[in-house]
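Inside the fold
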Amino acid sequence: MDTACLAPGIFSALRRRAVQGALAIALAFLPLSLAALDPHLSMSDYTIKHWGAQDGLPHNMVHAITQDKDGFIWVTTWEGIARFNGHSFTLFDNGNIPGLVSRAFRTATVDNHGHVLFGSPQSGLWQYSRGKWQQVAAGEPKLSTLLLPTQNSNVWIGTESGLFRLDAEDRLHPGPRLMPERHEPWVNAIAKLPDGQLLVAAEDRLFEITPDLRQVHRLPLDTSSIGFINNLLVTRSGDVLLAPRQGLYRKSTSGLQRIPEFESLRIGAMLEDRQGSLWLLSAERGLLRWRNGRLETLPANSGLHGHGTRAIFEDREGQIWVGTTDGLFMISEGSARGLDTRHGLDDNYARSVLHGHDGSVWIGTAGGLNRWQNGRIRPVTTLWEGGSSSSVLALAQTSAGIWVGSYDHGVMLIDEKGRLKRHINAESGLPSDRTRALLADGDDLWIGTRGGLSRLHADGQLQNYAAHTHGLLEGFVQALYKHRNGDLWIGYNQGLCVLPPTGKARCFKSDQLPAQSIFDFLETGEGEMLIASDHGLLRWDGIHMRRYGRQHGFPNESLFRLLADEQGMLWLSSNNGVFRIDPKQLDEVDLGQRTQLSIPIFTHGSGMPSSQANGGSFPAGAMDDAGNFWVPTAAGLAIINTRIPAEMPQPAIPIAIEEMLVNGEPHAFEDARKLHAGESRRIVIQYAGLNFHHTGELYYRYRLRGFDDAWVDVGKSTEAVFTNLPAGDFVFEVQAMIPPIDWSKANPQSIASIPLHLTPTWWKRSEAQLAATIAMLALLFGIQRLRERNLRRQRQRLEQQVKQRTRELREKNLALEEASRNQAALMQRLEILAGQDDLTRLPNRRSGRARMNTLCQQGPIRVAVLDLDHFKRINDRHGHETGDRALHTFARILHQHAGEPENCARLGGEEFALIIPDGDAESALALCETIRSELAKTPIESVSGDILYCTVSIGLSSAGQEPHKLLREADNALYRAKYLGRNQVCLIRPDSPRMPIKAAS
């Protein structure tokens, strides 16, 4: 049964089984504490990282590699020099090095003063120190092939025309002549012997040079048989190795001894690391390691490609750097390694992993099924019966064999040799061919498909679990787990269910959970369930469901595989790497003892093929007997050794402050105390942690002491921005750390600082303020004297002005009285106009409504609403001016019969209102009929001279004292008049408001 659970007492004593052996294995994960790569590891176990032109390298062909005192890696190429900080390259070429003629550089080294020296075939020797470049001995030596610093501060330079020496004062001297009888030879290699002598290879000859006396001694070796010597290496034990155009030789007292292992190889670069292993870069077999007589080749599918150059280097962390025609490569002991198509995998998109009973690992990919055994991967091609392959989404093993769940082929059973034994699909009764989860339950097999859950019994009977009969959810089944009490836990894409051995399931839909998709389960020693979901880690104790997500320190909440290692640590795969969690920290979060989990993270920078682990398949990872966590990713299979200490010490991370920009312009660090507060509106400080083993995994925080002593966590950002800083003395500090991020445990050496001094602007300086104060006092004194004189003159003028103003005020008062009278008359006129319709001069709607309210307070009234018939037709046929004449004619008739002018009003358009104070219905009908008939017989002359007639429809309300009710009744009656044919009067009786009475016409 492919299940996993944590040992009892998971949240109390999980790490009691941690042993010293695990600690020893874990040292491989702390490269900063090592002197070199562990020689006992196979070369295939190393992690190789690659950078090329697509990553910012100026040219893919790397000639030389070195490391400066700050920790930067420098490389030379045909297109310039590049400085590497672990995540980006800074390019130096003729665009930013004044005087540089050519961008091509061959060699690089660091002298005893910490200066970085570079040799160019065209422009000679260049030096870099503290951000400044200078040409050393301009124009000479050219065609430099190599540089070698010695203990007496000299740098020996090999060229195509002999040997040169650069002294401690950067003065260039010709070296001793190697061949006085003819032109100086091409110096191919220089090495230091244990006794301090220099060993020089020039074409096909060897020389020893005494550096202090500049004496030359040609070694009496017969090198005619080996020819041109390309390279040489002096080991710490004193062995001298020579690499001619083919093969490798050891110098001995009796002459040259050929080393058989390298007989047919062309060696381009050689290096002895700090553990005594020899690294050799060959044209035929790539990178080789030779130790204790054992030769090992880096596999061709390891990721190192291109033709080797002379560039090979060991950095301070013990990692090996190699340059080829395809870029820059770093070989390190990663926390993880990967398997992909270069190792035999049929497809790089890995989906599911199963650790078999025999120790082999079965790997499902988007292209099919693979088997890893004894270090080799072989695709299982017999699975598909000659048809097209399918993605393998699920794997399980019973005594019958390996069960394979596919995307569209259903479920297949194969034996140990990959032969197909049984095939179950939709035609066989499976709810769906798309299978995402398989779980072995003894010899029974639980099958999770797109269409639901099924169980294949050991006797071959297939049982489908319908949602309505067993209480299950609809949707994808993508995770299965058998609890110790017999319950089956089922993870869906929209919730989860717990199916007991008998009875119906208990289900939680996505709206009842703090998550939607469920990807995996893990049972604790206390019987609790840990659940991997798309919203973090869930913990179910039978009553409460707790969630742990980003707020607790998870870098990503889409968690797929959930397993425990032999130390009791939790391992989770995600869309952004693999996480390790100490489960006791979950208790501490629940008890309020901590808010953030301390989570080590394993990503692409740790050696994984991709940081994106895959989910939605089952099992999405497996733990083998050696403690390796196999994780399917989007770029291959990641293998992570889980046998690392529960507490990993933080390494000391060198931090370099690379550049400071002030208002967008570079600013030298030595001028950081010459900033002006008013002018330095935006200060950007760029920094980098020079830890190449954890490239891309460093997290930073910074602060500006003196301004704000609080640290600012900035994640992986490598720059700090400050705007409008005040004047003062500050210290910028930046600190780096690798996950797990707990700044209280950060290494105190992983910090860098730079002082800043911002002087105030000139008007804020003390001397400027003193001068301004004196000038202000003098100005105030002068102003006071001038003011007294002016006051006397002003008093005289004021007396005259008072008399003049008194007279003017009297005249203005008279004018104001006259204006007040005119204003009162104007306001009266405006009030009349505000209540009058501009066209008909009748009261407008507002005035009519006010008149209606007034009359209703005095007694019952009636209201008639009058609407000219077919008025739009008049406007359309005869023009709007004729329409205005019709409105004028009707307004005149209405005004004549209204009794009082205020009792009629134009409501708008062709609609008018008539207020009839008399409540008698017959007289009101008669009045309305009079108005109707008079308009009907009144001729109206159009603009064109034609005579036309206009009619009106009238709706009459009942008597009442509620204006809005009267208007509604009149409107209803008007609509009835229109409906009955227009040109008539309609009245609504109070006892039958729905039946208007038509007036005789």
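A word on the overall build of the protein
- The helix and strand inventory of the protein stands at nine helices and 73 strands.
- Here the protein has a C-alpha radius of gyration of 48 Å; the compact-globule value for 1001 residues is 30 Å, and the former is much larger.
- Along the longest, intermediate and shortest principal axes, the C-alpha atoms of the protein span 150 × 115 × 65 Å.
- Here the protein holds 1001 residues, and the buried ones make up 52% of them.

Description of the state of the cysteines
- Under the criterion given, the structure shown has one disulfide.
- Here C856 is not disulfide-linked; the sulfur of C928 is the nearest cysteine sulfur, at 16 Å.
- Classification of C856 as buried rests on a relative accessible area of 5%.
- The thiol of C950 is unpaired, and the distance to the nearest cysteine sulfur, on C928, comes to 16 Å.
- With a relative accessible area of 2%, C950 lands in the buried category.

What about the environment of S923?
- Within the secondary structure, S923 is located in helix 8 (residues 921-936).
- Residue classification places S923 among the partly exposed positions, given a relative accessible area of 30%.
- Separated by 56 residues in sequence, S923 and D867 place their C-alpha atoms 20 Å apart.

A closer look at the packing of aromatic side chains
- Tallying each qualifying case throughout the model produces 32 aromatic pairs.
- With a centroid separation of 5.7 Å and 20° between ring planes, the pair formed by W51 and W321 is classed as stacked. Placement of the pair is W51 in strand 1 (residues 47-51) and W321 in strand 27 (residues 320-324), with a sequence separation of 270 residues. Just as W51 is buried, W321 falls in that class too.
- With 5.3 Å between their ring centres and 35° between their planes, W571 and F602 make a pair best called tilted. Of this pair, W571 sits in strand 51 (residues 570-574) while F602 sits in strand 53 (residues 601-602), and the two are 31 residues apart along the sequence.

Points about the packing of helix 7 (residues 880-897) against helix 8
- Remark: helix 7 packs on helix 8, axes separated minimally by 10 Å, with the N-to-C direction vectors making an angle of 150°. Viewed along their axes, helix 7 and helix 8 adopt a mutual orientation that is roughly antiparallel. When you trace helix 7 past helix 8, the crossing you get is right-handed. Across the interface between the two elements, F890, I893, L894, Q896 and H897 of helix 7 pack against L927, T930, I931, E934 and L935 of helix 8.
- A class-by-class count of the residues in the contact of helix 7 with helix 8 yields six nonpolar, three polar and one charged.

Things to note about the sheet that holds strand 7 (residues 116-120)
- Spatial strand order, 6-7-8-9: four strands in an open sheet with antiparallel pairing. With partners counted over all chains shown, the strands left at the sheet margins are strand 6 (107-110) and strand 9 (132-136), one partner each. For this sheet, the mean inter-axis angle between neighbouring strands, taken without regard to orientation, is 20°.

As for a positive patch on the surface
- The grouping of R785, R789, R792, R793, R795 and R797 at the surface amounts to a positive patch.
- Within the fold, R793 resides in helix 4 (residues 766-834).
- You can call R793 partly exposed: its relative accessible area is 45%.

Here's the deal with the sheet that holds strand 22 (residues 267-272)
- The strand order across the open sheet built from four strands is 22-23-24-25, with neighbouring strands paired in antiparallel fashion. Edge positions in the sheet fall to strand 22 and strand 25 (294-297), since each of these pairs with one other strand and no more. Sheet twist, expressed as the average angle between the axes of neighbouring strands with direction ignored, equals 20°.
- As paired elements, strand 23 (residues 278-282) and strand 24 (residues 286-291) share five bridges and run antiparallel to each other. Bridged to W279 within strand 24 is R289.

Here we look at the side chain of S123
- Structurally, S123 is set in the loop between strand 7 and strand 8 (124-129).
- Residue classification places S123 among the buried residues on the basis of a relative accessible area of 4%.
- In this structure the side chain of S123 is engaged in a polar contact, spanning 3.2 Å, whose partner is the side chain of S120.
- Reaching out from S123, the side chain makes a polar contact with the side chain of W126 at a distance of 3.2 Å.
- Excluding anything up to four places from it in sequence, S123 contacts L100, V101, S102 and Q135.

Brief notes about the environment of P379
- Structurally, P379 can be placed in strand 33 (residues 376-379).
- According to the relative accessible area criterion, P379 is partly exposed, its value standing at 37%.
- Along the backbone, P379 and G418 are 39 residues apart, and their C-alpha atoms lie at a distance of 9.4 Å.
- In contact with P379, other than residues within four places in its own chain, are G344, D346, L369 and N370.

Details of the pattern of salt bridges
- Applying the stated rule across the entire model yields 40 salt bridges.
- Here D204 and R205 are joined by a salt bridge, their closest N and O atoms 3.9 Å apart.
- The salt bridge partner of D590 is R546, with a shortest N-O separation of 3.2 Å. Taken together, the residues D590 in helix 3 (residues 584-590) and R546 in strand 49 (residues 545-548) connect sequence positions 44 residues apart.
- Assessed through its relative accessible area of 24%, R546 is described here as partly exposed.
- Taken together, the shared-partner salt bridges in this structure form one network comprising E528, R539, D541, R546, D587 and D590.

With respect to the pairing of strand 41 (residues 462-465)
- Alignment of strand 40 (residues 452-456) against strand 41, held across four bridges, turns out to be antiparallel. Note on strand 41: the bridge partner recorded for S454 is N464.
- The hairpin formed by strand 40 and strand 41 contains five residues between the paired strands, and G460 there has a positive phi angle of roughly 95°.

Here is what the cut-offs are and how they apply
- Residues numbered from 1 in each chain as written.
- Predicted model: local features only at pLDDT ≥ 70, side-chain atom pairs only at ≥ 80, totals over all residues.
- Heavy atoms only, no water.
- Helix = DSSP H or I, 4+ residues; strand = E, 2+ residues; numbered from the N terminus.
- Rg over C-alpha atoms; globule rule 2.2 N^0.38 Å.
- Buried < 20%, exposed > 50% of the residue type's maximum accessible area, 1.4 Å probe, protein only.
- Disulfide = S-S within 2.5 Å.
- Phe/Tyr/Trp six-rings, centres within 6.5 Å; stacked < 30°, edge-to-face > 60°.
- Axes fitted to C-alpha atoms, helices over the stretch in contact; angles between N-to-C directions.
- Parallel < 35°, antiparallel > 145°, perpendicular 65-115°, else oblique.
- Left-handed = near helix turned anticlockwise from the far one by under 90°.
- Contact = heavy atoms within 4.5 Å.
- Nonpolar A, V, L, I, M, F, W, Y, C, P; charged D, E, K, R; others polar.
- Pairing = 2+ DSSP bridges.
- Patch = residues over 30% accessible without salt bridge, like charges linked within 9 Å, V, L, I, M, F, W, Y side chains within 5 Å.
- Areas by Shrake-Rupley, 256 points an atom, 1.4 Å probe, with all protein chains shown as cover.
- Salt bridge = Lys/Arg side-chain N within 4 Å of Asp/Glu carboxyl O.
- Lys, Arg positive; Asp, Glu negative; His and termini not counted.
- Charge placed at Lys NZ, Arg CZ, Asp CG, Glu CD.
- Polar contact = N/O pair within 3.5 Å; in protein donor to acceptor, adjacent residues only side chain to side chain.

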